[in-house]
Amino acid sequence: MPDRVAVVAELAARWARLRKTANGDKRVAILLANYPNRDGRLGNGVGLDTPAGTIEVLRAMREAGYPVADVPNDGNALIAHLMAGPTNAGTKAREIRETMALDAYQAFFDRLPEAVRTAVLERWGAPEGDPFIVEANGKPAFSLPLARFAETLVGIQPARGYNIDPKETYHSPDLVPPHNYLALYAFLRDVYDADAVIHMGKHGNLEWLPGKALALSEECFPEAVFGPLPHLYPFIVNDPGEGTQAKRRTSAVIVDHLTPPLTRAETYGPLKDLEALVDEYYEASGGDPRRVTLLKTRILELVRDIGLDHDAGIAAGEGEETALTKLDAYLCELKEMQIRDGLHVFGVAPEGRLLTNLVVALARLPRGGEPGEASLLRALAGDLGLGILSDDGGGGHLPLAFQPSPPHGGKLGGGERAADRAADFDPLDCDMAAPWAGPRPKFLADLSTSPWRTTGDTVERLELMASRLVEGDVPPDDHWQSTRAVLEAIASSLKPAVVSSGRAEIAGLLAGLAGRFVAPGPSGAPTRGRPDVLPTGRNFYSVDTRAVPTETAYVLGRKSAEAPRHAPPAGPWRMADLLGSHRLGYLEHAHRRRRHRAGLGADRREASLGSGVTPGHRLRDRDAGRTRPAARRRHLAHFRLFPRRLSGPDRALRPGDPGHRRAGGG
């Protein structure tokens, strides 16, 4: 396909030109998203203070010798400057700074594939009727939402359509962009002659234009509009799905950035007053009936007044005691929720309280199997003698401190809640509203003057203690061995990874602008047990095939493989038939089952266990009265794209491999 070869060659040549061109001679455009399409949402990026981050990028470019001048003082000044010019709201009473002559645009438009031109003309009519046409130098021209800072442009990405609900059109798969949209990118390509374009923050709308999902053709709008331009895309690290869309459809080089700082939601305002009333109610319930009645009335009236009854799951006409129990549970859960504390600024690592809160959030969940990778809250609870399990007695489960954290009310990795296995307290999986009957160590009791009544109050004190320990306000006790191990890992690796992310993000972007390699890295939510995504500033990939299956997927796959219906009725052969990642079954019985959706790689793990392979590619002997049957695996052709996933089972099942043997001598 000559046209495909030509596009790839042109893109490679432009990256090479970017590498050879001096920084002072490069022309770079930075575009800010605008979703929904109104001035109040200019520079909207998910989890990102896009205007402030753009200022950091402009300053870094200026220091690196790019033609940048007159940088605004801050993000607010930048937005004010952009709003003085054309925006998606229109051109009326705006300062027109950059234009593209209509005849120059027509020349660009005429070079587009016929199918593209036809679709635009049928939907939007002739370019002369575009509402962003103004008169410039006595001739019709498109007014463009761009501002110059020396030879560097900063602008607003145009809307995909007007006179239509912007939320509906943003992701529409078939709405073609209007002429003013094409005109901005035509200007960058033909008039400005951009060496590179930066789309600042998740996410713009270019990657959502009509066309194929991948392997685009010249008639796909992302390619027709953007062309073979070097494309850099600062993008939040926890959303590989939409980042991959940009990679596939606009050849974007991702430069990932941190998620916003997190903190505990806590309670405030009316919720704080309500919590105090609930605490007073339970305190009085032991011996002051008149006070209890009055408090009950006040609490339920306040709940209805602020509309909290629906959120707390209190139905109309529900009994007062039941309503109070639900309210108490809701408040306990609410104040321990992790919420955003502001937005991340690209190129700037959090500091002070924000840094402490983020690091505590990162260390809240277990991150691996080493002592320093345990949950900080679980380690602290164990060291303070709150009864947390350190091992389950060799039953085959991970130690609790390292187990993945389920949602509240969910299941632990071994398939049982901690409360079902023993009367032990797990701060990551507990009933927040349950009365606390455990010990109250002085270390925790002194942290707050609030009542210590529920399990949620215990978790709150553990969170407060964790923050003080991470911040360095108090040293850990010499006997807190588990906590000390986690704190040492935080100080040596986790916290430095967060601190270095700001510099790494700028370095990654400048490397891309220099036409150099931007190092790849994993993606995911660092606050969900994925510290390996730090430091940010890398070109993230969607799936690390070496990390599949996940721990949860392993548990689900094991259950499926060991279920009674999977026992072969007779004969030495069973086939673990892996159809992509979708179905498993026994060939001889044509037995099919539903796909497991709860964990990444569960189907593949079922096939492995059916062959007697456990994590680490170990083979199991006969155990629990169940022999490992001889097995064959069959893979669909698309699995050839993942050779690492095929080599693991191959190594495990080879009888000649050192340290491995077949169960039963087969």
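The rules behind the values
For every chain, the first residue of the written sequence is number 1, and numbering continues from 1 along that sequence. In keeping with the predicted nature of the model, local features appear solely for residues at pLDDT of at least 70, side-chain atom pairs appear and are counted solely at 80 or more, and the whole-chain, interface and lining totals rest on all residues. With hydrogens and water set aside, each side-chain value is computed from the structure's full complement of heavy atoms. Lines are fitted to the C-alpha atoms to define the axes, a helix being fitted only along its stretch in contact, and any angle between axes, read from their N-to-C directions, falls within 0 to 180 degrees. Numbering of helices and strands runs from the N terminus, with a helix taken as a DSSP run of H or I at least four residues long and a strand as a DSSP run of E at least two residues long. Note on terminology: angles under 35 degrees are roughly parallel, angles over 145 are roughly antiparallel, angles of 65 to 115 are roughly perpendicular, and the others are oblique. Residue contacts are defined here by distance: any two heavy atoms, one from each residue, within 4.5 Å place the two residues in contact. Note on residue classes: Ala, Val, Leu, Ile, Met, Phe, Trp, Tyr, Cys and Pro are nonpolar, Asp, Glu, Lys and Arg are charged, and everything else, Gly too, is polar. Working definition: with a 1.4 Å probe on protein chains only, accessible area under 20% of the residue-type maximum means buried, over 50% means exposed, and in between means partly exposed. Criterion used throughout: strands pair if DSSP finds at least two bridges between them. With strands facing away from the observer, any crossover in which the path from the first strand over the helix to the second runs clockwise is taken as right-handed. Expected span of a helix, by definition, is 1.5 Å for each gap between consecutive residues, and there is one gap fewer than residues. Working note: the arc is built from the helix axis to C-beta atom directions. On a scale of 0 to 100, pLDDT captures the predictor's confidence in every residue. Any Lys or Arg side-chain nitrogen located within 4 Å of an Asp or Glu carboxyl oxygen qualifies as a salt bridge. Any pair of nitrogen or oxygen atoms within 3.5 Å is treated as a polar contact; in protein, a donor-acceptor pairing is required on top of that, and neighbouring residues in sequence qualify only through side-chain atoms on both sides. Side-chain atoms within 4.5 Å are what join buried Ala, Val, Leu, Ile, Met, Phe, Trp, Tyr and Cys residues into a set we call a nonpolar core. Note on ring pairs: Phe, Tyr and Trp rings are taken, using the six-membered ring of Trp, and paired if centres are within 6.5 Å. Classes follow the plane angle, with under 30 degrees stacked, over 60 edge-to-face and the rest tilted.

## A closer look at the packing of helix α2 (residues 50-63) against helix α3 (residues 75-83)
Then, in step 1: For the pair α2 and α3, the least separation of the axes is 7 Å and the interaxial angle reads 100°. Taken as axis vectors, α2 and α3 run roughly perpendicular relative to one another. Residues Pro51, Ala52, Thr54 and Ile55 of α2 form the contact with α3, whose own contacting residues are Gly75, Leu78 and Ile79.
Then, in step 2: A breakdown of the residues in the contact of α2 with α3 according to their chemical character gives 5 nonpolar, 2 polar and no charged.

## Points about the pairing of strand β10 (residues 231-236)
Then, in step 1: Burial runs high along β10: 6 of the 6 residues are buried.
Then, in step 2: Of the two faces of β10, the one lined by His231, Tyr233 and Phe235 and the one lined by Leu232, Pro234 and Ile236 are each fully buried.
Then, in step 3: Note that strand β9 (residues 196-200) and β10 share 2 bridges and pair parallel. What sits directly across from Val197, in β10, is His231.
Then, in step 4: Once the chain exits β9 it traverses helix α8 (residues 221-226) before rejoining the sheet at β10, and the crossover so formed is right-handed.
Then, in step 5: Pairing geometry for β10 and strand β11 (residues 253-257), over 5 bridges, is parallel. The residue of β11 that forms the bridge with Phe235 is Asp256.

## Concerning helix α1 (residues 2-20)
Every α-helix carries 3.6 residues per turn, so stepping three or four residues along brings you back to the same face.
Then, in step 1: For α1, built from 19 residues, the straight-helix expectation of 27 Å at 1.5 Å per residue is met to within 8% by its first-to-last C-alpha distance of 27 Å.
Then, in step 2: Of all the residues in α1, the buried ones are Arg4, Leu11, Arg14, Trp15 and Leu18. Down the axis of α1, the buried set is contained in an arc of 100°. They therefore lie on one face. Away from the buried face of α1 by more than 90 degrees, exposed residues Pro2, Val5 and Lys20 are located.

## Let's talk about the confidence of the model for the protein chain
Interpreting fine coordinate detail is not advised for predicted regions of low pLDDT.
Then, in step 1: Summarising the model, the protein chain shows a mean pLDDT of 80, and 74% of its residues fall at 70 or more.
Then, in step 2: At the low end of the mean pLDDT range in the protein chain sits helix α16 (residues 418-421), at 34; at the high end sits helix α20 (residues 501-513), at 98.
Then, in step 3: Ignoring residues within four places in sequence, the model shows residues 389-400, a span with pLDDT below 50, making 17 contacts including any to other chains.
Then, in step 4: Low pLDDT, under 50, characterises residues 572-600; the stretch is placed with 82 contacts to residues that sit more than four places away or in other chains.

## Some thoughts on α20
Then, in step 1: An ideal rise of 1.5 Å per residue puts 18 Å on 13 residues; α20 measures up with 18 Å between its terminal C-alpha atoms.
Then, in step 2: Of all 13 residues that make up α20, 10 are buried, and the element is covered over most of its length.
Then, in step 3: Within two residues after α20, Gly515 carries a phi angle of roughly 75°, on the positive side.

## What about the pattern of salt bridges?
Then, in step 1: In total, this model carries 20 salt bridges according to the counting rule given.
Then, in step 2: Among the salt bridges present, the one from Glu151 reaches Arg27, with a minimum N-O distance of 3.0 Å. Here Arg27 lies in the loop between α1 and β1 (28-32) and Glu151 lies in the loop between β7 (146-149) and β8 (152-156), a separation of 124 residues in the sequence.
Then, in step 3: The exposure class assigned to Glu151 is partly exposed, which follows from its relative accessible area of 31%.
Then, in step 4: Among the ionic pairs, Asp478 bridges to Arg484, the shortest N-O distance being 3.7 Å.
Then, in step 5: The exposure class of Asp478 is exposed, given its relative accessible area of 58%.
Then, in step 6: Judged by relative accessible area, which is 27%, Arg484 ranks as partly exposed.
Then, in step 7: Linked through salt bridges whose partners overlap, the residues forming this network are Arg27, Glu98, Arg148 and Glu151.

## Points about the sheet that holds strand β5 (residues 133-136)
Then, in step 1: Spatial ordering of the open sheet is given by β4-β6-β5, a layout of 3 strands whose pairing is antiparallel. The open sheet has two edge strands with one neighbour each: β4 (98-101) and β5. Each neighbouring strand pair of the sheet contributes to a mean axis angle of 50°, computed without reference to strand direction.
Then, in step 2: Sheet strands touched by helix α4 (residues 102-111): β4, β5 and β6 (139-144). Its angle to β4, the strand with the most contacts, is close to 65°.

## A look at the sheet that holds β11
Then, in step 1: Within the open sheet, the 6 strands sit side by side as β7-β8-β1-β9-β10-β11. Their pairing is mixed. Each having just a single partner strand, β7 and β11 make up the two edges of the open sheet. Geometrically, the sheet is characterised by an average inter-axis angle of 20° between neighbouring strands, direction not taken into account.
Then, in step 2: Sheet contacts for α2: β1, β8 and β9; angle to β1, the most-contacted strand, approximately 170°.

## Focus on the side chain of Ser523
Then, in step 1: One can find Ser523 in the loop between β14 (520-521) and β15 (539-540).
Then, in step 2: Within the structure, the side chain of Ser523 is placed 2.7 Å from the backbone oxygen of Tyr541, a separation counted as a polar contact.

## Concerning the packing of α4 against helix α7 (residues 179-191)
Geometry of a packed helix pair, given as the angle between the helix axes and the separation of the axes.
Then, in step 1: Between α4 and α7, whose axes approach to 10 Å, the crossing angle comes to 95°. Accordingly, the angle class assigned to the pair α4 and α7 is roughly perpendicular. Along its contact with α4, which presents Tyr105, Phe108, Phe109 and Arg111, the element α7 presents His179, Leu182, Ala183, Ala186, Arg189 and Asp190.
Then, in step 2: The residue makeup of the contact of α4 with α7, split by class, is 6 nonpolar, 1 polar and 3 charged.

## Looking at the nonpolar core
Then, in step 1: Leu376, Leu386, Phe425, Leu444, Leu462, Ile490 and Val498 are the most contacted members of the largest nonpolar core, which totals 40 residues.
Then, in step 2: Every residue in contact with Val498, bar those within four places of it in the chain, is listed here: Leu258, Ala349, Pro350, Leu355, Leu358, Val359, Leu362 and Leu534.

## Some words on the packing of aromatic side chains
Then, in step 1: On inspection of all chains with the given rule, the structure shows 9 aromatic pairs.
Then, in step 2: Judged by centre distance (5.0 Å) and plane angle (75°), the rings of Phe443 and Trp480 are edge-to-face. Here Phe443 is found in helix α17 (residues 442-445), whereas its partner Trp480 is found in the loop between α18 (455-471) and α19 (481-499), with 37 residues between them in sequence.
Then, in step 3: Owing to a relative accessible area of 44%, Phe443 belongs among the partly exposed residues under this scheme.

## Some details on the pairing of β6
Then, in step 1: For β4 and β6, the ladder comprises 4 bridges, and the chain directions are antiparallel. Residue pairing across strands places Ala101 opposite Ala141, the latter belonging to β6.
Then, in step 2: Bridge count between β5 and β6: 4 bridges; the pairing is antiparallel. Bridge pairing in β6 places Glu135 opposite Pro140.
Then, in step 3: From the end of β5 to the start of β6, which pair antiparallel, there are 2 residues, and Asn137 there has a positive phi angle of about 55°.

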